[in-house]
Amino acid sequence: MRFFDTLKNIWTIQELRQRILITLLLVLIYRLGCYVVLPGISPADIDALANFTNKSGLMQLLDMFSGGAFSQASIFALGIMPYITASIVIQLCGMILPSFQKMQREGESGRQKMNQYTRYLTVLILILQAPAYLINLQVQVNGAANGSALHLGLWTTAYLTIILAAGSMFIMWLGERITDRGIGNGISFIILVGIIARLPGALYYEFISRLPGASGNQGGLVMFIVEIILLFAVTVGAVLLVQGTRKVPVQYAKRIVGNRQYGGARQYIPLKVNAAGVMPIIFAQAIMFIPMTLAGFRGGETGFLHAFTDINGFWYNFVFFILIVAFTYFYTAITVRPTQMAEDMKRNNGFIPGVKPGKKTAEYLDAIMSRITLPGSIFLGIVAILPAFARFFGISQNFAQFFGGTSLLIMVGVVLDTLQQVESHLMMHHYDGLMKEGKIKGRTTGQAY
């Protein structure tokens, strides 16, 4: 009953209702564009690309983030990933290069400059990725056993590159409109839609494969129910990982100005267990793509390369796990700066009870981050390799991707952020929140990547 009352309250608020409807309209446009095929591509060509995508773990991952547009040879085939890549590069530049650090301190004007640089870099990445996608499409179509052939000349490749680049830029524009006029976090929401779009189909095929009489049937419907329960448990664990924080108490000294008293309140610094988000997984995947690229240049996978291109193999997942733990410490170290936090507290007359301000406070915060990052990095590594365990126990490739990895963490993070946006509108209009007790906590970064 409370659920229907909440829906009624959401529909009652005019601004929130308009934002939800605009978001749904823009998402519908995005999903329709995922099925608009590039000019000159036949159904046989799409089948050849889809068969190759289903066999490759890397291509399947790219297809998931594009909502299936990658395997459909759609005008949105490159999806939003070039923009995500550009954003990550600009974000790293803001941590390393002094000129970008200066722009970050300039407020709104600096943020607009960095957004502009991100767009320029996105276009550059698209100009490089689009021809690579077309070459891969041509290779897969000509190598298929269905007799189809695809020959892309220079001018055909040039105008198809323009179409693919325009499609990705249009997706970026849709994401910005969702942020401005919709329910917020538009780019993250676009990624969420692309991932969730694959879930019903994966769930259906997994259910069909467990029916009696199906080829390769193992465990029947009982096994399917167990899979759903395990998926729910993994999702709960991912929620705990995303929201887990260690609260450090901070006391502010009292100041009396005239007849008024300022300060004297106790607040908390929320140090996240997983301050790095999904960035360590993205970095680790980028490193693990190198053997796949080398294998492609050599024309085959032998010895060392084979061990590190088999996404279900022991050595691939072991090294992947170690890289995630290492990158979690690295990314946390460059994003969470205890020295800066200690200086800010000292400047505002704040201190941690029992700890001297300044250097001792920085050392104390650094020690806490080191302790909570270890279990967070291990848990993040386990979540990242869970799809390999799922495939080992007979779960299909498509459905296993939802048992962990980047897709699960992005879904959990974006859903929590979206629910928090809706709840903030309800609370602002003096309605009850989405939960009976407490409030929904979103991510502090507000980004899915």
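This is a predicted model, so every value here is computed, not measured. (Residues numbered from 1 in each chain as written. Predicted model: local features only at pLDDT ≥ 70, side-chain atom pairs only at ≥ 80, totals over all residues. Heavy atoms only, no water.)

## Thoughts on unusual backbone geometry
Of note in the backbone geometry, Ala 73 takes a positive phi value of approximately 50 degrees without being a glycine. Within the secondary structure, Ala 73 sits in the loop between helix H4 (57-65) and helix H5 (81-96). You can call Ala 73 buried: its relative accessible area is 0%. (Helix = DSSP H or I, 4+ residues; strand = E, 2+ residues; numbered from the N terminus. Buried < 20%, exposed > 50% of the residue type's maximum accessible area, 1.4 Å probe, protein only.)

## A short note on the sheet that holds strand S1 (residues 245-252)
Judged by pairing direction, the sheet is antiparallel, and its three strands sit side by side in the order S4-S1-S5 without closing on themselves. Of all strands in the sheet, those with a lone pairing partner are strand S4 (266-272) and strand S5 (350-351), marking the two edges. Of the strand pairs in this sheet, S1 and S5 are connected by two bridges, and their pairing is antiparallel. Following the sheet pairing, Gln 251 is matched in S5 by Phe 351. (Pairing = 2+ DSSP bridges.)

## Some words on the nonpolar core
One finds Tyr 30, Ile 80, Ile 195, Phe 320, Phe 402 and Leu 409 to be the most contacted residues of the largest nonpolar core, which totals 63 residues. Residues contacting Ile 80, with those up to four places away along its chain left out, are Ile 171, Met 172, Ile 187 and Ile 191. In this structure, Phe 70, Ala 73, Leu 78 and Tyr 133 belong to the second largest nonpolar core, which totals 19 residues. (Core = buried A, V, L, I, M, F, W, Y, C linked by side-chain atoms within 4.5 Å. Contact = heavy atoms within 4.5 Å.)

## Re the packing of helix H15 (residues 338-347) against helix H16 (residues 359-392)
Following both chains from N to C, one finds H15 and H16 inclined at 135 degrees, their axes separated by 8 Å at the closest point. It follows from the interaxial angle that H15 and H16 lie oblique. Judged by the twist between their axes, the crossing of H15 over H16 is right-handed. Residue-level contacts link Pro 338, Thr 339, Met 341, Ala 342 and Met 345 of H15 to Thr 361, Ala 362, Leu 365 and Asp 366 of H16. For the contact of H15 with H16, a count of residues per class yields six nonpolar, two polar and one charged. (Axes fitted to C-alpha atoms, helices over the stretch in contact; angles between N-to-C directions. Parallel < 35°, antiparallel > 145°, perpendicular 65-115°, else oblique. Left-handed = near helix turned anticlockwise from the far one by under 90°. Nonpolar A, V, L, I, M, F, W, Y, C, P; charged D, E, K, R; others polar.)

## A short note on the side chain of Ser 377
When you line up the elements, Ser 377 lands in helix H16. Take Ser 377: its relative accessible area is 0%, and that puts it in the buried class. In terms of polar contacts, Ser 377 uses its side chain to reach the backbone carbonyl oxygen of Leu 374, at 2.8 Å. Aside from chain neighbours lying at most four places away, what touches Ser 377 is Ile 324, Val 325, Thr 328 and Tyr 329. (Polar contact = N/O pair within 3.5 Å; in protein donor to acceptor, adjacent residues only side chain to side chain.)

## As for the pairing of S1
Summarising the sheet, S1 and S4 pair through seven bridges and their orientation is antiparallel. From the neighbouring strand, Lys 247 faces S4, where its bridge partner is Pro 270.

## Brief notes about the pattern of salt bridges
Two side chains of opposite charge can pair, provided their charged atoms sit close to one another. Enumeration over the complete set of coordinates arrives at four salt bridges. Taking the shortest distance from any N to any O, the salt bridge between Arg 19 and Glu 15 comes out at 3.5 Å. Residue Arg 19 and its partner Glu 15 are both found in helix H2 (residues 14-33); the two are separated by four residues, about one turn of the helix. Taking the relative accessible area as the measure of exposure, Arg 19 reaches 21% and is therefore partly exposed. The partner of Glu 176 in a salt bridge is Arg 119, with the nearest N and O atoms 2.7 Å apart. Residue Glu 176 is located in helix H8 (residues 154-181), and its partner Arg 119 is located in helix H7 (residues 108-143); the two are separated by 57 residues in the primary sequence. A relative accessible area of 19% places Glu 176 in the buried class. (Salt bridge = Lys/Arg side-chain N within 4 Å of Asp/Glu carboxyl O.)

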